[in-house]
Amino acid sequence: MNSKPEKIYKGIAASKGISIGKPFVYRAEVPSYKVDVSPAAILSSDAEISDYESAVNQSVKELNKIFSLAKEKLDEKNLQIFEAQLSFLYDNFFHSKVKDRIRSENKQAFAVFKEEIQILENAIVASNDEYIRDRVNDIEDMKNRVLRNLLKGRLVSKITENSIVIARNLSPADTILFSNRNLLGIATDLGGINSHVALISRSLRIPAVVAMQEISVNIASDDFLIIDGYKGLVIKNPSEDTIISYREQIEKNNELERKLEEIEKLPTETKDGKQVRLSTNLEFNNEVDYVVTHFGCDVGLYRTEHLFMEQGDFPSEEDQYKQYKFLAEHIYPKTVTIRTFDIGGDKILPESQKELNPFLGWRGIRICLDKKETFLAQLRAILKASTGGNLKIMLPMISGIEEVKKTYQYLEEAKSQLRSSNIRFDEKIQVGVMIEIPSAVILADELAKMVDFFSIGTNDLVQYSLAVDRDSSLVCDMYEKFHPAVLRLIDMTVKSAARNNIPVSVCGEMASDPYASLLLIGMGVTELSVVSTQYLQIKRLIRLVNYEKSREVAAKVLTMSTINDVKTYIEDCFNKNIGEQLEAVN
């Protein structure tokens, strides 16, 4: 029996799952060295340079080994983390600068390398873009690797097997190496929802909680932990009742996983026969075959930002055409809704733009409309790939009528250019808009008369409606999708779509949440586009619920004025109808 008191720590849920076990408190050793600046310190610049080159070469060998291991576990997107570090280690311009300074300034390699890396780190930290700031950890990992090898240090890559790693931060390499020891979970002081430790944890399906601020100093090796990657919790020295409750939850989740395969080919309909369109969100090619084989569904949201991220700039029209054509052909006869570039905000901005308030700045459709030729290239690429008639265009960050009108002008210009070159395309390609800014909700009736469909982006709608940064550990508790104001905005959008006879989908994370998805169905949303990992779970829940009951619940919820009232009522109603079957996926 555990005699220590139970204590709960809250962070950001970065990777779903629950694990119970002992912690391994990892403290990365930062190489240190007393720099001797006296003239006698450097006996030979050539020797210093030789040591530096050896350290870089050894670092390349280590990282290549880790990269080989990562290839067995990670998808193409996350492999880019290690490719980026290797590309830096292969950067001859940077290394030449270090070696030139060693010669000209008669300094030790250790000191010069640290100074040059610090310049790079300072530039990254100064960025206003969160994605770029998260990359400083990659530089830090690569820096420490080279410094350690300069000092002939030893690589420490082993942890206690079957443990939950607690750390101030973890590098991508740490995460991959530790995963070979049956890693149960990860909790870190630093990091965000898009940090590398979060991305890799999700890819490896390891429960993870980040942005815990001081978890690394509050956990000792003799503690016992539960990590809850659903709620973003680490429970230190849980009581027997808490342990029993979580073990029951784990077993329910395992049983659910076994049952999900049974419903792959069954129709997506409620118990009382209401058909519900269920589609999936998609970003990378390695997801396509799985979606086609197991789901056979439409793609309700295809994000194109990764094409920008992979190249660091807007991709060529030809590269885009090949990608969109690949999707159209592989998903056919199902449809693919392609969202035009949604760069900015929490994603890297082109041309190194810096903004004090990037979420309220130059992003989404604003960039596309300002960069006409770039936008025309994307529109032409989509049109050329649309000959099968199964592609749709979706516009992000629409705030008003003018943006839609201007987009249609560009679209007509792109069509005219293709016609003049005798290039075929779908003349009736559908165009929709994302509803994610409150002003778009207010203008929904007018917008609905101009477009073919709505797609509600709940992630940004919650953020903009409540003025809450969902990636901030300081206010993330205030980011609440069940806020009555958010639900009423969704209801207004759904009713506007219905009045104008256009479909409305939800492609934000609300669609992938069990309680929220069932509420959205009751509110009249015609399609849910969910993350692929949640597709079968949401499909199963749809088949368990009664549509008419969902409508009654939604109507009642829309009269409520507090978050607590909404959540309590929803949970009570749906648990009464489908009970433990619903609890198993929370």
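Residues numbered from 1 in each chain as written. Predicted model: local features only at pLDDT ≥ 70, side-chain atom pairs only at ≥ 80, totals over all residues. Heavy atoms only, no water.

### Overview of the pattern of salt bridges
Next up, step 1: Summed over the entire model, instances satisfying the criterion amount to 24 salt bridges.
Next up, step 2: Of the charged contacts in the structure, one is a salt bridge between Glu-105 and Arg-101, with a shortest N-O distance of 2.9 Å. Placement of both Glu-105 and Arg-101 in helix α3 (residues 92-105) is noted, with a separation of four residues, approximately one turn of the helix.
Next up, step 3: Note on Glu-105: relative accessible area 37%, which makes it partly exposed.
Next up, step 4: Each of Lys-97, Arg-101, Glu-105, Lys-107, Glu-115 and Glu-116 takes part in one network of salt bridges that share partners. (Salt bridge = Lys/Arg side-chain N within 4 Å of Asp/Glu carboxyl O. Helix = DSSP H or I, 4+ residues; strand = E, 2+ residues; numbered from the N terminus. Buried < 20%, exposed > 50% of the residue type's maximum accessible area, 1.4 Å probe, protein only.)

### Notes on the packing of aromatic side chains
Next up, step 1: Applying the stated criterion to the full structure yields five aromatic pairs.
Next up, step 2: Grouped by ring-pair contacts, the aromatic residues Tyr-52, Phe-94 and Phe-113 constitute a single cluster. (Phe/Tyr/Trp six-rings, centres within 6.5 Å; stacked < 30°, edge-to-face > 60°.)

### Digging into the pairing of strand β12 (residues 391-395)
Next up, step 1: Of all five residues in β12, five are buried, a share of seventy percent or more.
Next up, step 2: On β12, burial covers both faces: Leu-391, Ile-393 and Leu-395 on one face and Lys-392 and Met-394 on the other are all buried.
Next up, step 3: The sheet contact formed by strand β11 (residues 336-339) and β12 spans four bridges and is parallel. If you follow Val-336 over to β12, its bridge partner there is Leu-391.
Next up, step 4: Note: β12 against strand β13 (residues 430-435), four bridges, orientation parallel. Counterpart to Leu-395 in the pairing with β13 is Val-433.
Next up, step 5: One crossover worth recording links β12 to the parallel β13 by way of helix α16 (residues 401-420), and it is right-handed. (Pairing = 2+ DSSP bridges. Right-handed = clockwise from strand over helix to strand, strands pointing away.)

### As for the environment of Arg-103
Next up, step 1: In this structure, Arg-103 sits in helix α3.
Next up, step 2: For the pair Arg-103 and Ser-45, spaced 58 residues apart in sequence, the C-alpha separation works out to 5.7 Å.
Next up, step 3: If sequence neighbours within four positions are ignored, Arg-103 has contacts with Ser-45, Asp-46 and Ile-49. (Contact = heavy atoms within 4.5 Å.)

### A look at the packing of helix α21 (residues 514-523) against helix α23 (residues 547-557)
Next up, step 1: Interaxial distance between α21 and α23 falls to 7 Å at its minimum, and their mutual angle equals 90°. Classified by the interaxial angle, the pair formed by α21 and α23 is roughly perpendicular. Residues Leu-518, Leu-519, Ile-521, Gly-522 and Met-523 of α21 touch α23, and the partners they reach there are Tyr-547, Ser-550, Arg-551, Val-553, Ala-554 and Val-557.
Next up, step 2: Its residues assigned to classes, the contact of α21 with α23 comprises eight nonpolar, two polar and one charged. (Axes fitted to C-alpha atoms, helices over the stretch in contact; angles between N-to-C directions. Parallel < 35°, antiparallel > 145°, perpendicular 65-115°, else oblique. Nonpolar A, V, L, I, M, F, W, Y, C, P; charged D, E, K, R; others polar.)

### Structural notes on the packing of helix α10 (residues 240-260) against helix α22 (residues 535-544)
Next up, step 1: Where α10 meets α22, the closest approach of the two axes is 10 Å, and the angle between their N-to-C directions is 85°. Relative to α22, the element α10 lies roughly perpendicular. For the pair formed by α10 and α22, the contact residues are Leu-256, Glu-257 and Leu-260 on the first element and Leu-536, Gln-537 and Arg-540 on the second.
Next up, step 2: Within the contact of α10 with α22, the residues separate by chemical class into three nonpolar, one polar and two charged.

### Comments concerning the side chain of Ser-163
Next up, step 1: Its location among the elements puts Ser-163 in strand β4 (residues 163-167).
Next up, step 2: Here the side chain of Ser-163 touches Thr-160 through a polar contact of 2.7 Å, landing on its backbone oxygen.
Next up, step 3: Not counting residues within four places of it along the chain, the set of residues in contact with Ser-163 comprises Lys-22, Pro-23, Phe-24, Asn-182, Leu-183, Leu-184 and Gly-185. (Polar contact = N/O pair within 3.5 Å; in protein donor to acceptor, adjacent residues only side chain to side chain.)

### Looking at unusual backbone geometry
Next up, step 1: The omega angle of the peptide bond from Tyr-332 to Pro-333 is 10°, so this bond is cis rather than trans.
Next up, step 2: With respect to the helices and strands, Pro-333 occurs in the loop between α13 (317-331) and β11.
Next up, step 3: You will see that Asn-106, though not glycine, has its phi angle at about 55°, which is positive.
Next up, step 4: When you line up the elements, Asn-106 lands in the loop between α3 and α4 (109-125).
Next up, step 5: Positive phi, close to 55°, is recorded for Asn-501, a residue that is not glycine.
Next up, step 6: The residue Asn-501 is located in the loop between α20 (484-499) and β15 (504-506) in this model.

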